Amino acid sequence: MTSFATFQLRGAGAIALAYAVFVVVMTDGLSLGQHSAVKLAALVVGLVIAVGITFALLWARQMYQDGRRTVADEREEQIEAVAERVGYRVLDSAAFLLVLLALTDAAWNWLGSFALTRTEGLIFALVTVSASAATSRFLAGYIAARRR
Amino acid sequence: MIRNILRPTREARGLTQADLAQALGVSRQTVISLEQGRYLPSLELAIRLARHFAVPVEQLFLLDITPDGD
């Protein structure tokens, strides 16, 4: 496996790990717990910073291993473009799904503690959408890096 | 379909994939993918490759034309 493919796979792993931490902190068994706005903000910002630092370290390591370059080459940029496109498609689809969830929940109130009318529910849904898109993006990058 | 003769051209000059990658400012994997025909370079990279080997672009990259002319 190339270092660029490894970077993509580790990126997906980092997102999945961060999301797993988020789910564990947010949920209480199978329901969404109550959290203060400060705790929610600290959790989201903390995870974003942790993921950002992880990516920076992974990228620097990948570049160092691959000839001490400082920028991506054109093949890697093409792979990134494919991955970004997949990520945006997943983001679009997930946003559409979120609208459907909100509408059906308004009609039948079936989301329970995950209801989007709760701050926790809304944050949970948005982070889930974002994590899904980011994980898909990196997995698509991994697959494209293996093929090209 | 476009194929290339990058590998024999590189080997004839005694260059490694890493040497060529460094000279072109790309990753070694890009050179590998180019040689295996899995990646088509941009026009810019194709011209830079041709200049590096001091040969015309169409000598490095060959367009396979079917009997239908496609």
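All of the points below concern the structure found in this document. (Residues numbered from 1 in each chain as written. Chains lettered and ligands numbered in written order. Predicted model: local features only at pLDDT ≥ 70, side-chain atom pairs only at ≥ 80, totals over all residues.)

### Brief notes about the overall build of chain B
Right, so step 1: Helices and strands together make up the secondary structure of chain B, namely five helices and two strands.
Right, so step 2: Its helices and strands in sequence order give chain B the pattern β-α-α-α-α-α-β, from N to C terminus.
Right, so step 3: For chain B, the C-alpha radius of gyration of 12 Å lies close to 11 Å, the compact-globule estimate for 70 residues.
Right, so step 4: Taken over the C-alpha atoms alone, chain B extends approximately 40 × 20 × 20 Å along its principal axes.
Right, so step 5: When burial is assessed residue by residue, chain B has 20% of its 70 residues classed as buried.
Right, so step 6: Considering only contacts within chain B whose residues lie at least 6 apart along the sequence, 53% involve residues at least 24 apart. (Helix = DSSP H or I, 4+ residues; strand = E, 2+ residues; numbered from the N terminus. Rg over C-alpha atoms; globule rule 2.2 N^0.38 Å. Buried ≥ 20, exposed ≤ 12 C-beta atoms within 10 Å, placed from the backbone. Contact = placed C-beta atoms within 7 Å.)

### Brief notes about the overall build of chain A
Right, so step 1: Counting its secondary structure elements, chain A contains four helices and two strands.
Right, so step 2: Counting from the amino terminus, helix and strand elements in chain A follow one another as α-β-β-α-α-α.
Right, so step 3: Overall, the C-alpha framework of chain A stretches about 55 × 30 × 20 Å when taken along its three principal axes.
Right, so step 4: Sequence-distant contacts, at least 24 apart, represent 81% of the contacts inside chain A between residues at least 6 apart.

### Overview of the nonpolar core
Residues and elements named next belong to chain A.
Right, so step 1: In terms of nonpolar packing, the biggest core is built from 25 residues, with Ile15, Phe124, Phe138 and Ala145 touching the most fellow members.
Right, so step 2: Every element with two or more residues in this core is listed here: helix H1 (3-26), helix H3 (74-108) and helix H4 (119-147).
Right, so step 3: Ranked by residue count, the leading element in this core is H4, at 13 residues.
Right, so step 4: Setting aside chain neighbours within four positions, we find Phe124 in contact with Met26, Leu32 and Phe114. (Core = buried A, V, L, I, M, F, W, Y, C linked by C-beta atoms within 7 Å.)

### Describing the interface of chain A and chain B
Right, so step 1: Listed by partner, the interface residues are eleven residues for chain A and 13 residues for chain B.
Right, so step 2: With three residues, H3 of chain A is the single largest residue contributor to the side of chain A that touches chain B.
Right, so step 3: Each residue belonging to the side of chain A that touches chain B can be placed in one class, and the counts come to one nonpolar, two polar and eight charged. (Nonpolar A, V, L, I, M, F, W, Y, C, P; charged D, E, K, R; others polar.)

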